[in-house]
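# Descriptive structure summary
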Amino acid sequence: MRVGSGQGESSISTADLTSVSVRGMDLADQLMGHVGFSTFYFIMVTGRHPTDAEQALLDASLIAIAEHGITPSVAAARMTLAAAPEALQGAVAAGILGCGSKVLGTASDAAQLLQAGVAAVDGDAARLPEQARAEVARLRAGRRLLPGFGHPLHRDGDPRARRLFALAVELGTASLHCTYARALETAADEVFGRPMVLNVSCAIPAVLLDVGFPARAMRGIPILARTAGLLAHLVEEMERPAGFAIAGAAAEAVTYVPRN
């Protein structure tokens, strides 16, 4: 890679005949065997080593979102591998391509919501409940979704979200974004008149934004984590095939309705 060309610049990595450098560190001598993969990911994204608290929250967030059973992304991946067993990369891609506004991708939308709310009160935590009520009311009036809320299974509370908030408190990092997330939960219950479950896709950006993890990289958390989960399912698919059974169950669940 040319250095300092002024066009098409990158500060992530370069390589020469004898070495590979990542963020100014020698990959073989300073990183391999010295840091874990999540630390390496943090370094690549931010350009610096994480603090102990940042590391703990990043690891917990990745673990929290990596696996949740036969989700739509897993079903897509396993069916793809069943149909094209030579294309492991295609099966992983099939699962990740569904990362959007309903599944996985909501962490990014929730991050933007939390950032905007905290910015609106200019650091005044006492104003967060009022800001939360106004924001939830605005979203409901516009018939828009509240990103990071609701869950088809964990209707009494998402255990992953509870653990992430508890960990942030234990580490002493819980701050305005965590406070605003909980204020949104209270406001949502009031505005909608029913319990609105704050799920892991809101908890992840809340705890990570409070330690300075960049919001623009937030969608990468579920993508990176779920890739690991998909690979586990695909290895199992090779050993204990279920892809065609999933496809068959889908066909049985859909009723054909002729139209004139």
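Described below are features of the structure shown in this document. (Residues numbered from 1 in each chain as written. Predicted model: local features only at pLDDT ≥ 70, side-chain atom pairs only at ≥ 80, totals over all residues. Heavy atoms only, no water.)

### Regarding the packing of aromatic side chains
This model, assessed by the stated rule, comprises 1 aromatic pair. Residues F42 and F213 carry aromatic rings whose centres are separated by 6.0 Å and whose planes lie at 50 degrees to one another, so their mutual orientation is tilted. Taken together, the residues F42 in helix α2 (residues 37-46) and F213 in the loop between α10 (200-209) and α11 (220-239) connect sequence positions 171 residues apart. A relative accessible area of 2% means that F42 is categorised as buried. Classification of F213 as buried rests on a relative accessible area of 3%. Sitting over the ring of F165, R182 keeps its end group 4.6 Å from the ring centre. (Phe/Tyr/Trp six-rings, centres within 6.5 Å; stacked < 30°, edge-to-face > 60°. Helix = DSSP H or I, 4+ residues; strand = E, 2+ residues; numbered from the N terminus. Buried < 20%, exposed > 50% of the residue type's maximum accessible area, 1.4 Å probe, protein only. Lys NZ or Arg CZ within 6 Å of the ring centre and 35° of its normal.)

### Some points on the side chain of D210
Along the chain, D210 turns up in the loop between α10 and α11. No salt bridge forms around the buried D210; measuring N to O, its nearest opposite-charge neighbour R182 is 11 Å away. Engagement of the side chain of D210 in a polar contact is seen with the backbone nitrogen of C178, the distance being 3.1 Å. (Lys, Arg positive; Asp, Glu negative; His and termini not counted. Salt bridge = Lys/Arg side-chain N within 4 Å of Asp/Glu carboxyl O. Polar contact = N/O pair within 3.5 Å; in protein donor to acceptor, adjacent residues only side chain to side chain.)

### Quick notes on the sheet that holds strand β1 (residues 13-15)
Across the sheet, 3 strands lie side by side as β1-β2-β3; this open sheet has antiparallel pairing. Edge positions in the open sheet fall to β1 and β3 (25-26), since each of these has one partner strand only. In this structure, strand β2 (residues 20-22) lies alongside β3, joined through 2 bridges in antiparallel fashion. Its bridge partner being in β3, V22 is matched across the sheet by M25. (Pairing = 2+ DSSP bridges.)

### Overview of the pattern of salt bridges
Under the definition given, this model contains 8 salt bridges. In this structure, D158 engages R160 in a salt bridge whose closest nitrogen and oxygen atoms are separated by 2.8 Å. Like D158, the residue R160 is buried in the burial classification. The partner of E170 in a salt bridge is R163, with the nearest N and O atoms 2.8 Å apart.

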